[in-house]
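Residues per chain are reported as follows:
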Amino acid sequence: MNRQTKRLLAKQQAAQDRAGGSGGGGRTTASARGPGGLGLGGPGAGGGKRKRTPPRQFLKEVQAELKKVAWPTRGEVATYSVVVLVSVTVVTLYVFGLDTAFVHLVLKVFSR
């Protein structure tokens, strides 16, 4: 576990404590977090009910995650859109050509 992950876990624990989270105050062990140690609360994850994240905290976390996203520029979006449209057009024409060729081939074979 690197420093950045440890800091993130400490921040999450502090936020949980401020929000009136579980009164344990300490870190949970991997076995108490459930399968894979991800806090998924599987059948053997301690048996307790997990508290739901309050809406305000959820929105703050969403906002923090969206700040980390590498958003494309307007020019990149336009370029990618053109690439997708051209690619779809080329593939569509290719499939149309194959379909037409097979139709003519089948009609030739069965019209005899």
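Residues numbered from 1 in each chain as written. Predicted model: local features only at pLDDT ≥ 70, side-chain atom pairs only at ≥ 80, totals over all residues. Heavy atoms only, no water.

Comments concerning the overall build of the protein
For clarity, the threshold we go by: Helical segments are the DSSP runs of H or I of at least four residues, strand segments are the runs of E of at least two, and each set is numbered from the N terminus. Relative accessibility thresholds used throughout: buried, under 20% of the residue-type maximum; exposed, over 50%; partly exposed, between the two (1.4 Å probe, protein chains only).
Looking only at helices and strands, the protein has four helices and zero strands in total. Helices and strands appear in the protein in the N-to-C order α-α-α-α. Taken over 112 residues, the protein has a buried fraction of 5%.

Things to note about the confidence of the model for the protein
Reading predicted coordinates in detail is not appropriate for stretches of low pLDDT. Inclusion rule: Per residue, pLDDT captures the predictor's confidence, and it can take any value from 0 to 100.
The predicted model of the protein averages 82 in pLDDT, with 75% of residues at 70 or higher. The element-level mean pLDDT for the protein is lowest in helix H2 (residues 30-33), coming to 50, with helix H4 (residues 74-110) highest at 97.

Some remarks on the pattern of salt bridges
Here is the rule we go by: Salt bridge, as applied in this entry: a Lys or Arg side-chain nitrogen positioned within 4 Å of an Asp or Glu carboxyl oxygen.
All told, the structure shown has one salt bridge when counted by the stated rule. The closest approach of N and O atoms between Glu65 and Lys68, which form a salt bridge, is 3.2 Å. Highlighted residues: Glu65 and Lys68, both in helix H3 (residues 55-68), separated by three residues, approximately one helical turn. A residue is classified by how much of its surface remains accessible, and Lys68, at 59% relative accessible area, is exposed.

A few points about the environment of Trp71
By the secondary structure assignment, Trp71 is in the loop between H3 and H4. Given the relative accessible area of 59%, Trp71 is considered exposed.

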